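# Architecture at a glance
Listed below, chain by chain, are the residues.
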Amino acid sequence: MNFSWLAHLYRGLSRPMGRTPQPGGGCRCRRLVLSAQRRIPEFSSFVARTNTCGELRSSHLGQEVTLCGWIQYRRQNIFLVLRDFHGLVQVIIPQDESAASVKKILCEAPLESVVQVSGTVISRPPGQENPKMPTGEIEIKVKTAELLNSCKKLPFEIKDFMKKTEALRLQYRYLDLRSAHMQYNLRLRSQMVMKMREYLCNVHGFVDIETPTLFKRTPGGAKEFLVPSREPGKFYSLPQSPQQFKQLLMVGGLDRYFQVARCYRDEGSRPDRQPEFTQIDIEMSFVDQMGIRSLIEGLLQYSWPNDKDPVAIPFPSMTFAEALATYGTDKPDTRFGMKIVDISHVFRNTQIGFLQDVLSKPQGTIKAICVHGGAKYLQRKDIESIKKYAADHFNQEVLPIFLKAKCNWNAPVAKFIMEEQRLELIRLMEIQEEDVVLLTAGEHKKVCSLLGKLRLECADHLEMRGVTLRDPAQFSFLWVVDFPLFLPKEENPTELESAHHPFTAPHPSDSHLLYTEPEKVRSQHYDLVLNGNEIGGGSIRIHDAELQRYVLSKLLKEDVKLLSHLLQALDFGAPPHGGIALGLDRLMCLLTGASSIRDVIAFPKSFRGHDLMSNAPDSVPPEELKPYYIQVSWPTDSEAEENSLNHSHHPAS
């Protein structure tokens, strides 16, 4: 278990942060002092220990110390390894009869028992140093020991290399938190939030304001959790974001608001999502899109961990239309190429029948991606899997074409490609030996979306065979802008819904289209993407009450009474304003390289939204429901069976 990360984690605390007052007075007592000059925090203030296990070095030789921690390892009753959050240290168990009581405590206490030991820091014998341990040059010669709490048999060992099911980890989360990687993740998260708060509040004058958790239902967006009240038929809603409150704070003249906000979404069983999550929520008055983007770039640069490569700003940007056309998604991973190329013009005079048919249609297009090394690394079963995915999910045909490599499973259409077309494709797509081209034809958006999925699928196949495309140590930021303001509803394409949320302002160049062709209006919505993941999203808001009322009632067909308080506020001199929310859980997951956002949250829920440790949610006796005028309607056997089948393939639920 390696705790060397802690020194890196706190190394940045020596950097002055804003206008931090210098400590005054001459008090020599041991206390926690907030100082811009302090390099390492005082971890042993106010407690029984004099030092942490991980901080002792040769410079401490001869010192009398008191340590508290867990027994991680014991060998031949001669020495043991003591662990705390800071690291590990070797403790020598006394063998002489005068220290029999100390030996008895340290030899009989089960592993993971909590002990307090006092003794002297001494050098390890020559040749017995451990260069893999930061404390490997020293050990503790114990004089006294106290068993603070004995440990029963554990459900799993507290070692990072031990394989544990996620269900077991969540059931005994308090034990899982003792591991080095969970300690690192949560402490890094804490440090980043502290730096963000410092940057926003002390450097740029933001006001940290808590907003209510009990609110009312909001039209549109994700489903919200309901909380019953003691008034018959009336419920609170847990807010999916503080969106309305932060806009109202701008109306109230607070000018710059920020909050580490707890948010809730009842999205059901969705992989790698949480019903409760945390976002860095920000709103500003008198700001435009570039102002918000510059603020966030500075915020991330300032709070970025010291053990990672520094963040380079400004971040590149791309329109939604460009992202879809080039990467097939609005959250592209720009760490690798394999870009989508429009090759329609190459086949404008083709004799290939189905390509002619596609190009004759208004939105018809032919596009392709070049998988470098595909002929070498992709197997026939991979290509078949890709073709099946395209057929099953997009009702599209994908043609693998080898223009320079020799392969006996080339698509039949390849022999109909003329030499002139072949040379143009090689030039246009920079095709090399052993490359494979995946070609498909159809409607623009559908084709781009398919190739965007296949691009990631091919990257997975190549990386499984040792090709490095997506370096986890590389952090590739991208702003995506100019989203559509509205999208057609899936269940009724003749009606519109907000692409972001109903408070997003239209692009100034498209405002006139609101009243004639609203489906063509672009928005002042912007997303921040990191390594193919959306980690933030925001917009400039509508601050005109009449425009907001028109969007809600005429275009989105929403009941404006639900938002009467906001519409009234906008009528009372609302300033222009905009903001953004950063997903803290997702950001920390990417920073730490965790396999799931559950690894950067102290007490997460399972896939099905369950707390496996406490068995929440739990049933409530009928008499406790009476004050809320509600009763449970139990599902029928068939409904219960269907619900069980929907979750049967997720055992860690």
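The text that follows walks through the structure, step by step, so that each part is easy to find. (Residues numbered from 1 in each chain as written. Predicted model: local features only at pLDDT ≥ 70, side-chain atom pairs only at ≥ 80, totals over all residues. Heavy atoms only, no water.)

With that settled, the discussion passes to helix 6 (residues 243-251). Helix 6 sits mainly inside the fold: seven of its nine residues count as buried. The set of residues buried in helix 6 consists of Gln-243, Gln-244, Phe-245, Lys-246, Gln-247, Leu-249 and Met-250. For helix 6, the secondary structure elements touched by its buried residues are strand 9 (256-264), strand 10 (276-285), helix 15 (564-570) and strand 21 (577-583). A positive phi of about 80° marks Gly-253, the residue just after helix 6. (Buried < 20%, exposed > 50% of the residue type's maximum accessible area, 1.4 Å probe, protein only. Helix = DSSP H or I, 4+ residues; strand = E, 2+ residues; numbered from the N terminus. Contact = heavy atoms within 4.5 Å.)

Turning to the pattern of salt bridges, a few remarks are in order. Within the structure shown, the criterion is met by 34 salt bridges. In this structure, Arg-83 engages Glu-112 in a salt bridge whose closest nitrogen and oxygen atoms are separated by 2.8 Å. Placement of the pair is Arg-83 in strand 2 (residues 79-84) and Glu-112 in the loop between helix 2 (100-108) and strand 4 (114-123), with a sequence separation of 29 residues. For the pair Arg-83 and Glu-112, one class covers both residues: buried. Measuring nitrogen to oxygen at the nearest pair gives 3.0 Å for the salt bridge that ties Asp-176 to Arg-173. On the criterion of helical spacing, the pair formed by Asp-176 and Arg-173 is a turn pair, its members being three residues apart in helix 4 (residues 173-176). Each of the two residues, Asp-176 as well as Arg-173, counts as buried. It is possible to trace a salt-bridge network through shared partners that takes in Arg-169, Arg-173, Asp-176 and Asp-599. (Salt bridge = Lys/Arg side-chain N within 4 Å of Asp/Glu carboxyl O.)

In this section: the packing of helix 5 (residues 180-203) against helix 7 (residues 289-303). For the pair helix 5 and helix 7, interaxial distance at closest approach is 9 Å and the crossing angle is 135°. Accordingly, the angle class assigned to the pair helix 5 and helix 7 is oblique. Judged by the sense of rotation from one axis to the other, the crossing of helix 5 with helix 7 is right-handed. Two secondary-structure elements touch here, helix 5 through Met-192, Lys-195, Met-196, Glu-198, Tyr-199 and Leu-200 and helix 7 through Leu-295, Gly-298, Leu-299, Leu-300, Tyr-302 and Ser-303. Residues of the contact of helix 5 with helix 7, tallied by class, amount to eight nonpolar, two polar and two charged. (Axes fitted to C-alpha atoms, helices over the stretch in contact; angles between N-to-C directions. Parallel < 35°, antiparallel > 145°, perpendicular 65-115°, else oblique. Left-handed = near helix turned anticlockwise from the far one by under 90°. Nonpolar A, V, L, I, M, F, W, Y, C, P; charged D, E, K, R; others polar.)

What follows deals with the sheet that holds strand 2. Pairing is mixed in the closed barrel, where five strands are placed in the order 1-2-3-5-4. Along the sheet, successive strands turn relative to each other by an average axial angle of 55°, direction set aside. As defined by bridge partners, strand 2 adjoins strand 3 (residues 87-92) across six bridges and the pair is classed as antiparallel. Counterpart to Val-81 in the pairing with strand 3 is Gln-90. Of the strands in this sheet, strand 1 (64-75), strand 2, strand 4 and strand 5 (138-149) touch helix 2, which is tilted by about 75° from strand 5. (Pairing = 2+ DSSP bridges.)

Here the focus is the pairing of strand 13 (residues 364-371). Within a regular beta strand, the side chains point alternately toward one face of the sheet and then the other, so they alternate between its two faces. Most of strand 13 sits out of view: seven of its eight residues are buried. Pairing geometry for strand 12 (residues 341-342) and strand 13, over two bridges, is antiparallel. Among the inter-strand pairings, Asp-342 is bridged to a residue of strand 13, identified as Lys-367. As paired strands, strand 13 and strand 15 (residues 436-443) are joined by eight bridges and run antiparallel to one another. The residue of strand 15 that forms the bridge with Val-371 is Val-436.

Our next topic: the packing of aromatic side chains. The full count for this structure, using the stated rule, is eleven aromatic pairs. Ring centres of Phe-43 and Phe-85 lie 5.1 Å apart, and the angle between their planes is 70°; this geometry places the pair in the edge-to-face category. Here Phe-85 lies in the loop between strand 2 and strand 3 and Phe-43 lies in the loop between helix 1 (5-11) and strand 1, a separation of 42 residues in the sequence. Considered together, Phe-43 and Phe-85 belong to a single accessibility category, that of buried residues. Pairing Trp-479 with Tyr-526 gives two aromatic rings, centres 6.3 Å apart and planes at 80°, and the pair type is edge-to-face. Of this pair, Trp-479 sits in strand 16 (residues 477-481) while Tyr-526 sits in strand 19 (residues 525-530); the two residues are 47 residues apart in sequence, bridging distant segments of the chain. The pair Trp-479 / Tyr-526 is uniform in exposure class, with both members buried. Here a set of aromatic residues connected by ring pairs shows up, and it is made of Trp-304, Phe-315, Phe-475 and Phe-477. (Phe/Tyr/Trp six-rings, centres within 6.5 Å; stacked < 30°, edge-to-face > 60°.)

The next point concerns the packing of helix 5 against helix 16 (residues 584-592). Relative to each other, helix 5 and helix 16 sit at 125°, their axes nearing to 10 Å. As the angle between them shows, helix 5 and helix 16 are arranged oblique. In the crossing of helix 5 with helix 16, the sense of the turn from one axis to the other is right-handed. From helix 5, Tyr-184, Asn-185, Leu-188, Arg-189, Met-192, Val-193 and Met-196 reach across to helix 16, where they touch Leu-584, Asp-585, Leu-587, Met-588, Leu-591 and Thr-592. Looking at the contact of helix 5 with helix 16 residue by residue, the class counts come to nine nonpolar, two polar and two charged.

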